[in-house]
Structure formats: C-alpha cells, structure tokens
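Architecture and fold: a report
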Amino acid sequence: MADPKGFLTTDREVARTRPVAERVKDWNEVYVPGSLLPIISKQAGRCMDCGIPFCHNGCPLGNLIPEWNDYAYREDWREASERLHATNNFPEFTGRLCPAPCEAACVLGINQPAVTIKNVEVTIIDKAWETGDVTPQPPERLSGKTVAVIGSGPAGLAAAQQLTRAGHTVAVYERADRLGGLLRYGIPEFKMEKRHINRRIEQMRAEGTKFRTGVEIGRDIDAAKLRKRYDAVVIAAGATTARDLPVPGRELKGVHQAMEYLPLANKVQEGDYVTSPISAEGKHVVVIGGGDTGADCVGTAHRQGAASVTQLEIMPRPGEERSPAHPWPTFPMLYKVTSAHEEGGERVYSVSTTHFEGSAPEEGETVGHVQWLHLIEVEFKDGKLEQKPGTERKIPAQLVTLAMGFTGTDQENGLVRQFGLELDARGNIARDADFATNVDGVFVAGDAGRGQSLIVWAIAEGRSAARGVDRYLAGTSALPAPIRPTDRALTA
Ligand SMILES: Cc1cc2nc3c(=O)[nH]c(=O)nc-3n(C[C@H](O)[C@H](O)[C@H](O)COP(=O)(O)OP(=O)(O)OC[C@H]3O[C@@H](n4cnc5c(N)ncnc54)[C@H](O)[C@@H]3O)c2cc1C
Ligand code: SF4
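These figures come from a predicted structure and were not determined experimentally. (Residues numbered from 1 in each chain as written. Chains lettered and ligands numbered in written order. Predicted model: local features only at pLDDT ≥ 70, side-chain atom pairs only at ≥ 80, totals over all residues. Heavy atoms only, no water.)

**Regarding the site of ligand 1**
In the vicinity of ligand 1 lie 34 residues, with L97, E174, K191, I217 and D447 positioned nearest. A distance of 3.0 Å separates a nitrogen atom of ligand 1 from a polar side-chain atom of N413. Note that an oxygen atom of ligand 1 is positioned 3.0 Å from one of the backbone N or O atoms of S453. In isolation ligand 1 offers 1000 Å² of accessible surface; the protein chains occlude 96% of this area. When contributions to the shell around ligand 1 are tallied by element, the ones reaching two or more residues are α10 (154–165), β2 (169–174), α14 (292–304) and α18 (455–474). Residues of the shell around ligand 1, tallied by class, amount to 18 nonpolar, 10 polar and six charged. (Near = heavy atom within 4 Å. Polar contact = N/O pair within 3.5 Å; in protein donor to acceptor, adjacent residues only side chain to side chain. Areas by Shrake-Rupley, 256 points an atom, 1.4 Å probe, with all protein chains shown as cover. Helix = DSSP H or I, 4+ residues; strand = E, 2+ residues; numbered from the N terminus. Nonpolar A, V, L, I, M, F, W, Y, C, P; charged D, E, K, R; others polar.)

Structure below.
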C-alpha cells in the first residue's frame, strides 16, 4: 500500500492549466509543463490499495492502478512504467485524453474526491520517456506469418504493436497522409500534442512494424486481394460516418461536419497550411452537439479568433452530482467544464435546430452563406422530446459545425462489400468472442466493431483482437485479452 494515511492527510490536487489568456494564443497542451511531478507522489499515496480495486473494472484495459500508484508514491518510476505497460501500450494517450472511468469507480470516491489516477498515469509515462525507459521491444524470433492492419488509430496501433511483438510481420495501411487516426486528425493539439504519436510510431518502426500511408483499402487496394496477400487481417478503420442534420439550409456554405473542420486545424499545426481553409476567425460560431467533439470545436474556434462561440445541446443540462440512475461505481453523466469551456463561449441546453438561414448566393454560385441558425426549446414529456411552442428564436451563425456523433464504419469505399463482411444491428462490423468477423482470417477492433467510443476501449480492443489473431495463426497465444467484444465494464 502506498501511504496508509495518505487519503486522510492529503487533499486531491490535479494538473494546473495555463492561464486562459495565454493558452488561447497558442496550440500547445493546456497544462503547465512539469506541474504534476512535484505533487504526484503524494497524490498516488492517497490510493487505499483496496481489497477489491474497483478501478480495475472501471478501466477497460484493466490497468493495475494500485500497483503503479505504489511505485509512483515511492518514486520508483521504472517499475511504475513496467507495471503500466503491462496492460496499456500507449499510456501517454490515455493519460491525456481518457475520461477516466477508473476515477468514477475509485472506492475513495464514495465519500471523498477520487485518486487522480489519470494524472499519475501520465506522469509515469512522461517520466519513462524522459529517462529513456521506453525502448523498442522487437520479437526474439519471427513466426513467418504476415498480418495487415487497416487503420492506424489507437485500435490499429495497439493490435499492430502486440502482433509485431508476438513475432508476426505486420503492415499497417492508413488512408490518411499521416498515422494516428483520430488522435492525429480530430483531437486538437491543445488536448494532445502530436509529438507523442510520432514518438510511439518511431518505437513501433524500430520493433519492425511497417506503415503504408495514403492507401485506402477498398479503393486503392481491393480488400479481397489484400486478404489473399496476408495470413490474417485486422480491420481497425474506425466509425467515421458522421451523423447529419437534414434541416432546411443544411446545404449553405459555412455549415460543416466537425470532422471537416477539426482535421484542417490539425493540418495547420502539421505545417500543411498557414491558416485553415475553414477558419472561425471573426465569425459567430455555433457548434451543434454538446459532447467532446463539440468541445474540441469550441477550443479550436477560440484559438482561431472567433467573434463568439455558442454550443447547442438537445438534451437537458446534466447535474453536477451523481443521479440515482448512475450510482457508484458506474461512470456518471455529469456537467463537465472542459478546458475549452473554461476559455469562453456559451452553452445552451434543451434546444433543437429547426433550420439555417443564409445570404443570397453570389453571382455564379447556387447557394449562399449561412448567417443565422433558428432554434426552438425542447422538453421531455412522457419520455419523448417535444418542441415548446412560442420558444423559437434565431442566433447569428457564420460558421456552424455539426458534432452529433457517428453512425458507423465507412461503407462508401468498398471495404465492407469487398470482404463480404456482416454488420450487426447497429451498423458496426459484426464479430465473435475472438474479435473474428464472418470472413475467415479477418478480425475487427475499435470503433469499427464497437461503434463510436473511447481511446481506452480502442486500445483494449486492439490488444484483445491481437490475441484472437495470434491464436488463429499459431493455435495458441501468450498475448493478454483485456476484454470481450460485448464488454461495457462500468463505462456509460
Ligand atoms: C473530435 C474527436 C475527439 C475525441 N476525443 C476523445 C477524447 O478526448 N478521449 C477519448 O477517449 N476519445 C475521444 N474520441 C474518440 C476516439 O478518438 C475514438 O474512439 C478512437 O480514436 C477510435 O479508435 P479506432 O482506432 O477504432 O479508430 P480511428 O481513430 O477512427 O482510426 C481509424 C483509422 O482508419 C483509417 N481508415 C478508415 N478506413 C480505411 C481504409 N479503408 N483503408 C485504410 N485506412 C482506413 C482512418 O483514416 C483512421 O485513421 C474523440 C473522437 C473525435 C471524433
Ligand atoms: S486508461 Fe483511462 S480508465 Fe484506465 S487507468 Fe488510465 S485514465 Fe483510468
């Protein structure tokens, strides 16, 4: 046990963020660099090393949290890193981006603020990189088997790293020009600087994983041909089909999917553009959708110099305390103030967009540019969402981003058809307990099979699918399988 009295003598303290006025002028991570190290050992010492560590169940990876809390408390960073990597290939991603369902399940959280598990995680891994403890782990011998991984998001990278280390020869195919999936093109730099992905990719290359960018399976390479070239295939292509808002005026210029807007801002940071082709500068911005993707649009619009930012959500404002519907240790739906919300803007709940109003088309154009968004208040009546008559109003909107979630894997490029894959009732690629699809030797991991989810689930699925592939190729596997496809653990 870390510090037997730590939870009695130490208050919860989290990473400090940089002043808003400073950080909205740049794209670096919002935290004060180095602010965690001086406090984190005492924070780790708050862990009670419970007989039944519910945090293990809260974390989809089954991270060995009390074990690395103990090492962090003792400042044995090397052992802490070893324990952390025992269950998680990429703690620098989860330590920055995970909503930390582990903390919602922390036993201390029943009557006190939970242990700052996520902050301990990120400190351990940052220290490990700094001290050179993260090194390539190439396999001792090769199996002679080959695996293609489609998609380089967290699920594909986790599957590829596990399979490479198990001795298989792995090639990752990515349709984008850079690796990382939504970690690279989606999640803004101010939430996670992309140098963290680059560093991992270098480690993976040194271990023997091969990467091919700018290749779309189903379009550039026929999926069935790919299957013939490799002994097994893992599909980790994400759930990239965005939900749309088919209301009048949707076709106006300036109304974009969040995933048309955010990747361009990422590309500016990569040096591809000087300014984003879709910029919020000087504009009244409305973000439709109250989730994390919406918050990323809010933070991006602030940094681009928006005149105003309004985020709309159709559901009522969540409470600040657990409701009886979300008892401990489940992951509760709570009112969240993200770093982007600290930076300004307005959040409006219980409203629905009825239509967009735009300017007249310019000469030679067929559509005008969005100017106003019309909305109406909504309320739940008998379990159904109904509009409240007389509450219509319009707000200025010169840039609108749609951040209303994703409906499943991309079916336009032929990947699903060419493989002959079966889908489940929710439109995701169906799989069995080993993450195998209906096609022999073809497996699926991450959002492509689970539906829109979280990075921690994608890594857990990538690891588990790798075990399924290893068993398929070798008959047996020493790789761990943290989850089954149907697991939801304690996460909402
Ligand atoms: C804007 C945004 C912010 C988010 N923020 C968070 C967060 O803070 N924390 C969190 O936990 N989760 C977050 N999420 C969710 C998280 O990013 C996803 O759950 C996770 O990335 C899924 O991983 P994946 O590997 O399954 O798929 P993805 O990350 O989507 O990667 C799939 C990859 O496959 C590639 N691909 C697709 N089809 C093909 C093909 N035919 N051939 C070759 N390549 C192909 C795609 O280009 C993509 O690179 C966010 C999502 C979005 C959209
Ligand atoms: S990966 Fe997420 S759930 Fe698991 S320990 Fe880290 S922050 Fe907690």
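Here the narrative resumes, following the displayed structure.
**Quick word on the UniProt feature "domain: FAD/NAD(P)-binding" (unreviewed entry) in the protein chain**
Within this structure's numbering, the places UniProt gives as "domain: FAD/NAD(P)-binding" (unreviewed entry) are residues 146–319 and 379–462. Taken end to end, residues 146–319 has its terminal C-alpha atoms 50 Å apart, with 33% of it in helix and 20% in strand. Structurally, residues 379–462 comprises 20% helix and 25% strand, and the distance from its first C-alpha atom to its last is 40 Å. (UniProt positions renumbered as here; feature names shortened; annotations may be inferred.)

**Thoughts on the site of ligand 2**
Neighbouring residues of ligand 2: C59, N63, I65, T94, C98, A100, P101, C102, I117, K118, E121 and V456. Breaking the shell around ligand 2 down by element, the ones donating at least two residues are α8 (101–104) and α9 (117–131). Considering each element in turn, the shell around ligand 2 owes the most residues, three residues, to α9. Taken together, the residues of the shell around ligand 2 sort by class into eight nonpolar, two polar and two charged.

**So, the pattern of salt bridges**
As enumerated under the stated definition, the model contains 39 salt bridges in all. Note that E22 is salt-bridged to R18, the shortest N-O span being 2.8 Å. With a relative accessible area of 39%, E22 lands in the partly exposed category. Across the salt bridge formed by E365 and K253, the nearest N and O atoms sit 2.7 Å from each other. Here the residue E365 occupies a position in the loop between β10 (351–358) and β11 (370–381), and K253 occupies one in the loop between β5 (241–242) and β6 (255–257), the gap between them amounting to 112 residues. The class of E365 is partly exposed, set by a relative accessible area of 40%. A network of salt bridges, in which partner residues are shared, links D177, R178, R184, K267, E270 and D272. (Salt bridge = Lys/Arg side-chain N within 4 Å of Asp/Glu carboxyl O. Buried < 20%, exposed > 50% of the residue type's maximum accessible area, 1.4 Å probe, protein only.)

**Comments concerning the packing of helix α3 (residues 37–44) against α9**
Where α3 contacts α9, the axes come no closer than 10 Å and their chain directions differ by 125°. Of the possible angle classes, the one that applies to α3 and α9 is oblique. The chirality of how α3 crosses α9 is left-handed. Between α3 and α9, the contacting residues are L37, I40 and A44 on the first element and N119, V120, T123 and K127 on the second. The residue makeup of the contact of α3 with α9, split by class, is four nonpolar, two polar and one charged. (Axes fitted to C-alpha atoms, helices over the stretch in contact; angles between N-to-C directions. Parallel < 35°, antiparallel > 145°, perpendicular 65-115°, else oblique. Left-handed = near helix turned anticlockwise from the far one by under 90°. Contact = heavy atoms within 4.5 Å.)

**Re the sheet that holds strand β8 (residues 308–312)**
Read from one edge of the open sheet, five strands run β6-β14-β7-β8-β9, paired in parallel fashion. Across the chains shown, the open sheet's two edge strands, defined by having one partner strand only, are β6 and β9 (346–348). Strand-to-strand twist of the sheet, defined as the mean angle between neighbouring strand axes without regard to direction, takes the value 20°. In this sheet, strand β14 (residues 399–402) lies alongside strand β7 (residues 284–288) in parallel orientation, the contact comprising four bridges. Looking at β14, one finds that V285 is bridged to L399. Across the sheet, helix α13 (residues 258–269) touches β6 and β14, and the angle it forms with β6 is around 80°. Against the sheet, α14 touches β7, β8 and β14, its axis set at about 175° to β8. (Pairing = 2+ DSSP bridges.)

**A word on the UniProt feature "domain: Dihydroprymidine dehydrogenase" (unreviewed entry) in the protein chain**
Here the UniProt feature "domain: Dihydroprymidine dehydrogenase" (unreviewed entry) sits at residues 39–131. The annotated region residues 39–131 carries 59% helix and 0% strand content, and the separation between its end C-alpha atoms amounts to 19 Å.

**So, the sheet that holds β2**
Read across the sheet, five strands follow the order β3-β2-β1-β4-β16 without closing on themselves; strand pairing throughout is parallel. Each edge of the sheet is formed by a strand with only one pairing partner; in this case those strands are β3 (210–213) and β16 (442–444). Recorded for the sheet is a direction-independent mean angle of 20° between the axes of neighbouring strands. Contacting β1 (146–150), β4 (232–235) and β16, α18 runs over the sheet at an angle of about 165° to β16.

**Thoughts on the nonpolar core**
In terms of nonpolar packing, the biggest core is built from 70 residues, with W68, I124, V147, L183, V234 and V469 touching the most fellow members. It is α18 that provides the largest number of residues to this core, a total of 10 residues. Excluding anything up to four places from it in sequence, L183 contacts F93, L97, P154, M192, K194, I197 and I455. If you look at the next biggest cluster of nonpolar residues, it comprises 21 residues, including A171, V233, L415 and L421. (Core = buried A, V, L, I, M, F, W, Y, C linked by side-chain atoms within 4.5 Å.)

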